[in-house]
Amino acid sequence: MNKKELPIGTVVMLVGGSKKVMITGYRSKNADADKVFDYNGCVFPEGLMENIYCLFDASQIEDVLYMGLESEEKDNHINKLYDTQGVTDKGMSAAPTYG
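Reading guide: rules and limits
Residues numbered from 1 in each chain as written. Predicted model: local features only at pLDDT ≥ 70, side-chain atom pairs only at ≥ 80, totals over all residues. Heavy atoms only, no water. Phe/Tyr/Trp six-rings, centres within 6.5 Å; stacked < 30°, edge-to-face > 60°. Helix = DSSP H or I, 4+ residues; strand = E, 2+ residues; numbered from the N terminus. Buried < 20%, exposed > 50% of the residue type's maximum accessible area, 1.4 Å probe, protein only. Contact = heavy atoms within 4.5 Å. Pairing = 2+ DSSP bridges. pLDDT = per-residue confidence, 0-100.

Remarks on the packing of aromatic side chains
Right, so step 1: With the rule as written, the count across this model stands at 2 aromatic pairs.
Right, so step 2: Relative to Tyr39, the ring of Tyr26 lies with its centre 6.0 Å away and its plane at 50°, an arrangement referred to as tilted. Of this pair, Tyr26 sits in strand S2 (residues 20–30) while Tyr39 is found in strand S3 (residues 35–44), placing the two residues 13 residues apart along the sequence. The exposure classification of Tyr26 matches that of Tyr39, with both residues buried.
Right, so step 3: An angle of 25° between the planes, with centres 5.5 Å apart, marks the rings of Tyr39 and Phe56 as stacked. Taken together, the positions of Tyr39 in strand S3 and Phe56 in strand S4 (residues 54–56) put the pair 17 residues apart, joining distant regions of the chain.

So this is what it looks like as structure tokens:
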């Protein structure tokens, strides 16, 4: 992989954000704009709440405050996700390198 995807559970601050965001998933599509975002997340520490979620790209991450669990399972999941979506560059868009 060219760039390192942050694991689920990672807590980040987004550029211009006022709340922390915890990563809860990858490659989510915005139905309104027909755009696929690198990550989805929930506000932290509140967690998942009905109809409140964040879709964002790696380039929007200003700071990593807490790193989630790195594992072979995560890497395998990411690889399968990219393979099923036909993504050839297995790295997030303009992703900074962490850890």
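What to know about the environment of Asp63
Right, so step 1: Within the fold, Asp63 resides in strand S5 (residues 61–66).
Right, so step 2: Looking at Asp63, the relative accessible area reads 40%, which means it is partly exposed.
Right, so step 3: Residues Asp63 and Val15, spaced 48 residues apart in sequence, show a C-alpha to C-alpha distance of 8.3 Å.
Right, so step 4: Among residues more than four places away in sequence, those in contact with Asp63 are Val11, Val12 and Met13.

Some words on the pairing of S2
Right, so step 1: Alignment of strand S1 (residues 11–14) against S2, held across 3 bridges, turns out to be antiparallel. Residue pairing across strands places Val11 opposite Met22, the latter belonging to S2.
Right, so step 2: Here 9 bridges tie S2 to S3, and the two strands are oriented antiparallel to one another. Bridging from a neighbouring strand, Asn30 pairs with Lys35 of S3.
Right, so step 3: Turn length for the S2-S3 hairpin, with the two strands adjacent in sequence and antiparallel, is 4 residues, and the turn residue Asp34 shows positive phi of about 55°.

Regarding the pairing of S3
Right, so step 1: Counting buried positions along S3 gives 7 out of 10 residues, so the element sits mostly inside the fold.
Right, so step 2: Bridge count between S3 and S4: 3 bridges; the pairing is antiparallel. Opposite Tyr39, over in S4, you have Phe56 as the bridge partner.

Brief notes about the confidence of the model for the protein chain
Right, so step 1: Of the residues in the protein chain, 82% reach a pLDDT of 70 or more, and the chain-wide mean stands at 81.
Right, so step 2: The lowest-confidence element of the protein chain is helix H1 (residues 72–85), averaging 79 in pLDDT; the highest-confidence one is S1, averaging 97.
Right, so step 3: This model gives residues 92–99 a pLDDT under 50, and the stretch forms 23 contacts once residues within four places in sequence are excluded.

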